[in-house]
Amino acid sequence: MVFSPTAGVASALLLVTPYTPNIATVETTPGCLTDNFYGTYGGRSIFHLPPTCLEASSIKGLSIQSVSLFPYVANGERQLVWLQESAIDSSLVTPEYEAEVQGFFRWLGEDGYSMGGGQQLSGHQHLLASADEPGVELHFVDLQPAGGSYGLIAVEPSLTPSIEALLPRYWKPYVLPKQPASYLPVPKPAIEHVKNLLETVRFDPVVSSLVNNISLTQMRDDIRWLTGEDEKSGIISRHSFAEGSRVAANWLKERFEETGATCELKTFLAGFAPNVACKYSASEDTTSTVLISGHYDSRGSFGSQRAPGGNDDGSGTIALLAIARVVAHSGLTFRSNVELVAFAGEEQGLYGSKAYAREMRAKDANITVMIQADMLGYHAPGEPPQLGLPMYIGTPEVAQLVSNMSAIYSPELTVGYTAACCSDHQSFHEQGYASTQVFERAGPIADPMYHNSGDLSERPGYDLSQIRSIAKVQFATLLHAAGFDLPGDESMKI
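So, how was this worked out
Residues numbered from 1 in each chain as written. Predicted model: local features only at pLDDT ≥ 70, side-chain atom pairs only at ≥ 80, totals over all residues. Heavy atoms only, no water. Helix = DSSP H or I, 4+ residues; strand = E, 2+ residues; numbered from the N terminus. Buried < 20%, exposed > 50% of the residue type's maximum accessible area, 1.4 Å probe, protein only. Contact = heavy atoms within 4.5 Å. Areas by Shrake-Rupley, 256 points an atom, 1.4 Å probe, with all protein chains shown as cover. Expected span 1.5 Å × (residues − 1). Disulfide = S-S within 2.5 Å. Polar contact = N/O pair within 3.5 Å; in protein donor to acceptor, adjacent residues only side chain to side chain. Core = buried A, V, L, I, M, F, W, Y, C linked by side-chain atoms within 4.5 Å. Salt bridge = Lys/Arg side-chain N within 4 Å of Asp/Glu carboxyl O. pLDDT = per-residue confidence, 0-100.

Engineer: Just checking my understanding: could you explain the overall build of the protein for this structure?
Structural biologist: The number of helices and strands found in the protein is 11 helices and 20 strands. The buried share among the 494 residues of the protein stands at 58%. A sequence separation of at least 24 residues applies to 78% of the contacts in the protein between residues at least 6 apart. Accessible area for the protein stands at about 19300 Å²; split by element, carbon and sulfur atoms hold 52% of it.

This is how it looks when you write it as structure tokens:
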């Protein structure tokens, strides 16, 4: 499939393919894909294709029905943004939501984005003619009747942080790099390191004692403070642009510092709340670092000021706090460096974690394992407590390590894969770090309060015991990957 460039205008051909774990396996001409990579978003990867690669038949193993190739009129003043509908359970696809999605695309059409002027490609795919409307051009959309829709827009850079507010509730934006870059796979030595960790996984009674000291009562207090349910914090919203997110950032920094961590509020983009980055230094002479994280920013209902984020992602944030508190009360020290990071800007497109991961790569930081916790708290009626691991983005060996730890220290969890994608671990995976995510369900998102102002902790389905079970798995994985020592034979009771 070849398109002729517009006369007199610099054009690009963008290729959208299904996700593949190793991009090099689907290119026949070295560099055609691996040197022209925009990233993977949801279950799709995006590439810039030079004409020479098309002529060389540089793609193999992908059927013409599974890929999309379309021209993009290059404009240095526009930013490409991928729009992705989250993998959601059919129970969330209500008539109200469907009307919301239809209204969103109708709004695009009414504002001159020329949906009807595009070229029909196949099925529900449309190549959309760019409009004269300043600010936004919608170039491509794939509307799937059963969900999983996605699209690509080009916007003025100043508008990218606010795109999230315009989307239907289950859609998320992902900002593409200014220019395509080389694909960075996780190096073989890094994968071998994780495989070595897998080979040494055994039940450890000391680890069991430590992880079982995570306090359910304290977790309840923490989440009620972050959501504003206890009426002590005064937080109405932890949206990245809201004042409540700054209140939360300062509170998190203070709580982590109370556990002996060294913390920093790291700004990354004007207008956004900062990342809260906390470190425990290694007791041994090493550069190796294990990083676990969550995101503390939130998203509410369209038109509402309220964004409590009890599950998304207050649940992952309180899991970090719970782990830090056991570290403090037990007096343990880590043999490797350990970082606990609460990211901001996740809901607008992983802004905070992308900035942090790029900084780590620029410093050649030796991050050996990275685990993101996002949405741990919803427990669907009639289902067992679960732990979901990413189907698409991440390092399978790290996911296997987490799964093995769950079988030992939280056997009550049913472990499986989820298409729900993608959280802050993606930012590290793209920088070549071994990473994965932990999620609340081995399946699509089922929480009816997802991206909703009703995302509180005091509601049906919000399960603190499940959060604790997953936090135990995170903590056990951290202890095994980082190594630790305890001070003498002191009691580990809190």
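There is more to say after this.
Engineer: Got a minute to help me understand helix H9 (residues 396-409) in this structure?
Structural biologist: Its 14 residues give H9 an end-to-end C-alpha distance of 20 Å, which sits within 8% of 20 Å, the value for a rise of 1.5 Å per residue. Among all positions of H9, only Glu397, Val398, Ala399, Leu401, Val402, Ser403, Met405, Ser406 and Tyr409 are buried.

Engineer: Would you explain the state of the cysteines in this entry?
Structural biologist: What we call a disulfide is simply a covalent bond connecting the sulfur atoms of a pair of cysteines. Counted according to the given criterion, the structure contains 3 disulfides. Residue pairing for Cys421: its cysteine sulfur links by disulfide to Cys422, the two sulfurs lying 1.4 Å apart. In this pair, the class of Cys421 matches that of Cys422, namely buried. Ordering the disulfide-forming cysteines of the protein by sequence position, one finds them joined as 1-2, 3-4, 5-6.

Engineer: Would you mind going over the side chain of Thr259 with me for this structure?
Structural biologist: With respect to the helices and strands, Thr259 occurs in the loop between helix H6 (243-258) and strand E11 (262-266). A polar contact of 2.6 Å, which involves the side chain of Thr259, links it to the side chain of Tyr280.

Engineer: Would you mind showing me how to read the nonpolar core here?
Structural biologist: Side chains of a nonpolar character, in soluble globular proteins, are inclined to be buried together. The biggest cluster of nonpolar side chains holds 95 residues, and the ones touching the most others in it are Phe256, Tyr296, Phe334, Val438, Phe475, Leu478 and Leu479. Ranked by residue count, the leading element in this core is helix H11 (residues 464-482), at 11 residues. Every residue in contact with Leu479, bar those within four places of it in the chain, is listed here: Val207, Leu210, Val211, Leu332, Phe334 and Phe484. In terms of nonpolar packing, the next biggest core, distinct from the first, is built from 15 residues, Val16, Tyr38, Leu152 and Tyr174 among them.

Engineer: Looking at this structure, I do not really get the pattern of salt bridges. What am I missing?
Structural biologist: A side chain of one charge can pair with a side chain of the opposite charge when the charged atoms of the two come close. Enumeration according to the criterion identifies 22 salt bridges in this entry. The closest approach of N and O atoms between Glu257 and Lys253, which form a salt bridge, is 2.8 Å. Separated by 4 residues within a single helix, Glu257 and Lys253 lie in helix H6, roughly one turn from each other. We classify Glu257 as partly exposed; its relative accessible area is 33%. Since its relative accessible area comes to 22%, Lys253 is described here as partly exposed. By sharing partners, the salt bridges in this structure join Glu264, Lys266, Glu359 and Lys363 into a single network.

Engineer: Sorry if this is basic, but what is going on with the confidence of the model for the protein here?
Structural biologist: Any residue range with low pLDDT should be treated as having predicted coordinates unsuitable for detailed reading. With 85% of its residues at a pLDDT of 70 or more, the protein has an overall mean of 87. Taken together, the stretch residues 112-134 has pLDDT below 50 and engages in 52 contacts with residues farther than four places along the chain or on a different chain. Segment residues 490-494 is flagged for pLDDT under 50; beyond a separation of four residues in sequence, or across chains, it makes 9 contacts in the model.

Engineer: Looking at this structure, how should I read unusual backbone geometry?
Structural biologist: As a rule of thumb, non-glycine residues mostly have phi less than zero, and peptide bonds are mostly trans rather than cis. Backbone torsion omega between Asp312 and Asp313 reads -5°, so that peptide bond is classified as cis. Within the element layout of this structure, Asp313 appears in the loop between strand E13 (289-295) and helix H7 (314-330). At the junction of Cys421 and Cys422, the peptide bond is cis and its omega measures out at 5° in the coordinates. With respect to the secondary-structure elements, Cys422 resides in the loop between strand E18 (414-418) and helix H10 (425-429). The residue Glu231 is not glycine, and still its phi comes out positive at about 60°. In this structure, Glu231 sits in the loop between helix H5 (216-227) and H6. The exposed category is assigned to Glu231, whose relative accessible area is 74%. The backbone of Met375 sits at a positive phi, close to 65°, despite the residue not being glycine. Its place among the elements puts Met375 in the loop between strand E16 (367-373) and strand E17 (386-390).

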